[in-house]
Amino acid sequence: MKYALTRLLWLPIVLWAVATLTFGALRLVPGNASDVIFSLNLPQEQVERFKAQWNLDKPVSQQYVAFLSDMLHGDLGTSMTSAVPITRLMYERIPPTIELAVTAMVLSAFIGVLAGIVSAVTRNRALDFVVRSTSLLGMSVPWFWIAIVLIVVFAVQLRVLPVGGRIEGGMNYERITNFMVIDMLMTKNWAALSSHLRHLLLPSLAIGLTSAGFITRLTRAAMLEVMNRDYVRTARAKGLPERRVIFQHALRNGLLPVLTFLGLQFGTLLGGAVITEIVFSWPGLGRLLLDGILRRDYPVVQATVIVVASIYVMVNLTIDVLYHVIDPRLRGR
Amino acid sequence: MTAQTDSTATSRLQRDVMRFTRRFRTATIGIIFVLLVITGAIFAPIVTPYNPTMPRIPERFERPSLRHMLGTDDLGRDIAARVLYGARTTLTAGFASVLLAVLLGGAVGILAGYLGGWVDNLLMRAMDIILSFPAILLSILIVASLGPGMVNLILAIAFSLVPSFARMVRSVVLGIVTQEHITAAQALGAGGAHIIRLHLIPNTLPVLLVQATATMAVAISTGAALNYLGLGVEPPMPDWGLMVSEGQKHVFSAAYIPLIPGVFITLTVLSVNFVGDALRDFLDPVLKR
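Residues numbered from 1 in each chain as written. Chains lettered and ligands numbered in written order. Predicted model: local features only at pLDDT ≥ 70, side-chain atom pairs only at ≥ 80, totals over all residues. Heavy atoms only, no water.

Colleague: Please clarify how the packing of aromatic side chains should be interpreted in this entry.
Modeller: Aromatic ring pairs are described here by two measures, namely the spacing of the ring centres and the angle between the planes. Within this structure, the stated rule accounts for six aromatic pairs over all chains. Consider the rings of tryptophan 240 of chain B and phenylalanine 264 of chain B, whose centres lie 5.9 Å apart with planes at 50 degrees: the pair is tilted. Of this pair, tryptophan 240 of chain B sits in helix α10 (residues 240–247) while phenylalanine 264 of chain B is found in helix α11 (residues 256–283), placing the two residues 24 residues apart along the sequence. Taking the relative accessible area as the measure of exposure, tryptophan 240 of chain B reaches 0% and is therefore buried. When its relative accessible area of 22% is taken as the criterion, phenylalanine 264 of chain B is described as partly exposed. Among the aromatic residues, those joined into a ring-pair cluster are Phe23, Tyr64 and Phe67 of chain A. (Phe/Tyr/Trp six-rings, centres within 6.5 Å; stacked < 30°, edge-to-face > 60°. Helix = DSSP H or I, 4+ residues; strand = E, 2+ residues; numbered from the N terminus. Buried < 20%, exposed > 50% of the residue type's maximum accessible area, 1.4 Å probe, protein only.)

So this is what it looks like as structure tokens:
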């Protein structure tokens, strides 16, 4: 409990640091995004008006104070190119990215744990070797490229899965939370749900395969570690079927390090989502970030980076605290 | 006499190499592949007769053949030539960013671990802040701010890698500063710089080497990803990540154009991972399984 409280008290400080680093990176470095506007050879008067509108005529310290005050009021600023409040853009863009990252996490955990168990059980036999090489290959494949491989195989050659967007164009659905799976379950819109899931599969697989490689290796090592323990030997000695020994005795304890790793991996998956969204034209934060960079829309870049990092920080905090709750050995530390 | 010692030295080296290759077969394959790519990149003008940037429109979209071993792209440029020249940017970005991160992270780690107190606290909290960003996001933020280009690409990758080196070096340093030989050196009046140079740096080198190799794989991937997003080197400069993104529009008609450069990224990263694994097994027998 004390641990959870200390971590919670640190949260605002970490978020402040994240926001400040992002703000600083985009302003203090020479040749930053906000200078570009002034190199466009616009009439002086127009430049002045623009500067005043975006507070750019004030010193950085004043801009920073205004920025922090806006952040505290939940105002992420306004897009320079579309004049849309960024908070509204976030409502549009956060759910698609979370969808991808969470699906990728589920897929990678499922594939990774299963492959890891198989690998540990068949230790040093042919199957183990195949699983180990595949997992190392999976760890080495860049997201954006495996995404294209998946497109070539499943969309171009086999023509079994769609590519591009979250759902088939022209399909009707009701927006409530903007998390499509949740919305469609709530409205019992099965046709749209199936279309959405089919669109979700390839991008999340592309993101998840790398993590699945890491999880396989970790699960294998963790399983081998516990399989040598006395209580596993006892379980075997008292005549339990091998399947029960593995799944009920070894796996339960072996999975703890895997769980922590999953939490840490969420940041990587978020990063993967940012990249993979570009390949699949998925309308999430990654697309928003890249468009922001290409259009020099620095309030959008700033807000997107802060939002993604904040999600990452909060997920890590939650996992950390949960881990302390689950594992009694860590309590009281 | 001299000749004799030379020959025993050679045979011992030979024996060591033999033992390493037998025990770490995959690592050996990895080393050979990376060396091949490096050689190909350095001697690209000799290895291939083709210009990697000049369009040759009559020869566009040629499938792999004897004349163009990996085919040609949408502008008729030889893909094999572009892969060879592209290896230069990909590998340079990988090596340079890791080197920079090792130097910076190593310095931070040694200072934090050796000086302790508020310096340690300040430096490590700074590292924590960097780590509260997903690594690729931080790199994107930095190139977005600095603008495209090779140097900025290297800086962006290196910056996100610094904390892992700093943390590791610090923990190694914390483990040895209390040992007797350091206390003895201090008692003899050795200064901080002397202790850092003669005792701390040599002791951190093995772990740094393992970590640097493992990180190299990450750095190459990150560089490729930034180039893929169009935030790294600028066309027509050939680069593997950039080649994938430029070729992507032909995924339905000529999929080999985006696929081939990705094969090289994957094989290079895989090779580096093989070497990193072997080094870790070699230097850390406890983890071996």
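Colleague: Quick question: what am I supposed to make of the pattern of salt bridges here?
Modeller: All names here are of chain B. For the structure shown, the criterion picks out 16 salt bridges over all chains. Here aspartate 73 ties to arginine 82 by a salt bridge, and the two come within 3.6 Å at their closest N and O atoms. Of the residues examined, arginine 82 reaches a relative accessible area of 2% and is grouped as buried. One salt bridge connects arginine 125 with aspartate 128, and the closest N-O pair in it is separated by 2.9 Å. With arginine 125 and aspartate 128 both in helix α5 (residues 117–131) and three residues apart, this pair spans about one turn of that helix. Connected through salt bridges with shared partners, the residues Asp73, Arg77, Arg82 and Glu246 form a single ionic network. (Salt bridge = Lys/Arg side-chain N within 4 Å of Asp/Glu carboxyl O.)

Colleague: Would you mind showing me how to read the interface of chain A and chain B here?
Modeller: For interface size, the figure often reported is the accessible area lost on association. Opposite the 43 residues of chain A that make contact, chain B presents 38 residues. Ranking the residues of chain A by area buried against chain B places Ser140, Phe144 and Trp145 of chain A at the top, with a combined share of 16%. Inspection of the chain A/chain B interface yields one salt bridge. Taking the shortest distance from any N to any O, the salt bridge between aspartate 277 of chain B and arginine 217 of chain A comes out at 2.9 Å. (Contact = heavy atoms within 4.5 Å. Buried area = accessible area lost by both parts, 1.4 Å probe.)

Colleague: Is there a simple way to think about the packing of helix α6 (residues 135–146) of chain B against helix α9 (residues 192–228) of chain B in this case?
Modeller: The relative placement of two packed helices comes down to the angle between their axes together with the axis-to-axis distance. Residues and elements named next belong to chain B. At their nearest, the axes of α6 and α9 sit 11 Å apart, and the two run at 50 degrees to each other. Compared by their axis directions, α6 and α9 come out oblique. Where α6 crosses over α9, the handedness of that crossing is right-handed. Counting all contacts with α6, which are made through Ile136, Ser139, Ile140 and Val143, the residues of α9 involved are Thr222, Ala225 and Leu226. When grouped by side-chain class, the residues that make up the contact of α6 with α9 number five nonpolar, two polar and no charged. (Axes fitted to C-alpha atoms, helices over the stretch in contact; angles between N-to-C directions. Parallel < 35°, antiparallel > 145°, perpendicular 65-115°, else oblique. Left-handed = near helix turned anticlockwise from the far one by under 90°. Nonpolar A, V, L, I, M, F, W, Y, C, P; charged D, E, K, R; others polar.)

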